[in-house]
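# Architecture and fold: a report
The lines below spell out each chain.
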Amino acid sequence: MHIMKNSLLPAAFCTAALLFSSLMSTAAEMLPGKMTVQAVQGSVLIVDADGNETLVKKGDQLAQGANVVTGKNSKAVVLLSSGTSVVVNPDSDVEFTKFMQVPYELPAGVQLTELKKAPSISETLITVNEGTLAGRTAKLHEDSSLRIKTPSGTDAVIKGTDYVVTVVIRGGEAFTTITNATGDVVAVSQGNALSVPPGQTVTVEATRTVSASGEVTYTITQVSEPRPATGQEIA
């Protein structure tokens, strides 16, 4: 028995080393993930960096950096291959800035929307320029990241599950509201992190200044404490 233990020990270390090496290799193999338009209501546009507009239709695949713009009575649902589903609500401008993911294969018969946990490590950055984004996220891998950016520099760091981010710009003022319907959401503003408990919301106020050259600057003036969310903020 003593000999068997000694002979198995190196094998265990080798197995652990191979597993660690495999994980490190896998983490380095992130590729652009899939972002599929699941549903469209009304007229929804993709606007590229040159201002060219393309109508969005169900089944379209969004490219990295795609800017989705909705009108007054329009919305779009986008499903990411990480299991995250987001709704770009009416009168919104949302950029799917970056979505990278370790490739994977779903088991036969399993739908992406049925997943309770994300299938692999991913890195997601979405920017809400104006309007409202509502999201639902499968529980992320501990090495994954999902961040919702806003113009004022206030970000929502998401671990799950249901959340809403709204940006309202009125002349020289900007208001960012981050709501945690269920799950784990942190608001990050000016380098300070504020946990948003489930069923609560925070609002960040900022001044908005436009220079003669057109450069826009935001200065945060107030960050509220978490408060109970209203039905409108969660919807």
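This text gives an overview of the structure that appears in the document. Just so it is clear, the model here is predicted, and its values are computed rather than measured.

### Some details on the overall build of the protein
Within the protein, the regular secondary structure consists of two helices and 16 strands. Accessible area for the protein stands at about 13000 Å²; split by element, carbon and sulfur atoms hold 57% of it.

### A few points about the pattern of salt bridges
One pass over the structure, following the stated rule, counts five salt bridges. A salt bridge links Asp60 to Lys57; its shortest N-O distance comes to 3.1 Å. Classification of Lys57 by relative accessible area gives exposed; the value is 53%. Between Asp155 and Arg147 there is a salt bridge, with the nearest N and O atoms lying 2.8 Å from each other.

### What to know about the nonpolar core
In a soluble, globular protein the nonpolar side chains are often hidden away together inside. By size, the foremost hydrophobic cluster in this structure holds 32 residues, and its most contacted members are Leu62, Phe96, Leu133 and Ile148. Looking at this core, the element that brings in the most residues is strand E11 (residues 155–170), giving five residues.

### Here we look at the environment of Val94
With respect to the helices and strands, Val94 occurs in strand E8 (residues 93–101). For Val94, a relative accessible area of 0% puts it in the buried group. As a C-alpha pair, Val94 and Thr150 span 56 residues in sequence and 9.6 Å in three-dimensional space.

### Regarding the pairing of strand E9 (residues 122–136)
Note that strand E7 (residues 85–88) and E9 share four bridges and pair antiparallel. Note on E9: the bridge partner recorded for Val87 is Ala134. Pairing geometry for E8 and E9, over seven bridges, is antiparallel. Note on E9: the bridge partner recorded for Gln101 is Ser122. The sheet contact formed by E9 and strand E10 (residues 145–149) spans five bridges and is parallel. Note that in E10 the partner of Glu123 across the bridge is Ser145. Sheet topology note: the E9/E11 ladder contains six bridges and is antiparallel.

### Re unusual backbone geometry
A cis geometry characterises the amide bond from Gly160 onward to Thr161, with omega recorded as -5°. Mapping Thr161 onto the fold places it in strand E11. A positive phi is found at Asp91, a non-glycine position, where the angle reads about 55°. Considering the arrangement of structural elements, one finds Asp91 in the loop between E7 and E8. The exposure class of Asp91 is partly exposed, given its relative accessible area of 48%. A positive phi angle is found at Gln190, which is not glycine, with a value near 55°. Within the secondary structure, Gln190 is located in the loop between strand E12 (173–189) and strand E13 (192–196). Judged by its relative accessible area of 55%, Gln190 is exposed.

Here is what the cut-offs are and how they apply
Residues numbered from 1 in each chain as written. Predicted model: local features only at pLDDT ≥ 70, side-chain atom pairs only at ≥ 80, totals over all residues. Heavy atoms only, no water. Helix = DSSP H or I, 4+ residues; strand = E, 2+ residues; numbered from the N terminus. Areas by Shrake-Rupley, 256 points an atom, 1.4 Å probe, with all protein chains shown as cover. Salt bridge = Lys/Arg side-chain N within 4 Å of Asp/Glu carboxyl O. Buried < 20%, exposed > 50% of the residue type's maximum accessible area, 1.4 Å probe, protein only. Core = buried A, V, L, I, M, F, W, Y, C linked by side-chain atoms within 4.5 Å. Pairing = 2+ DSSP bridges.

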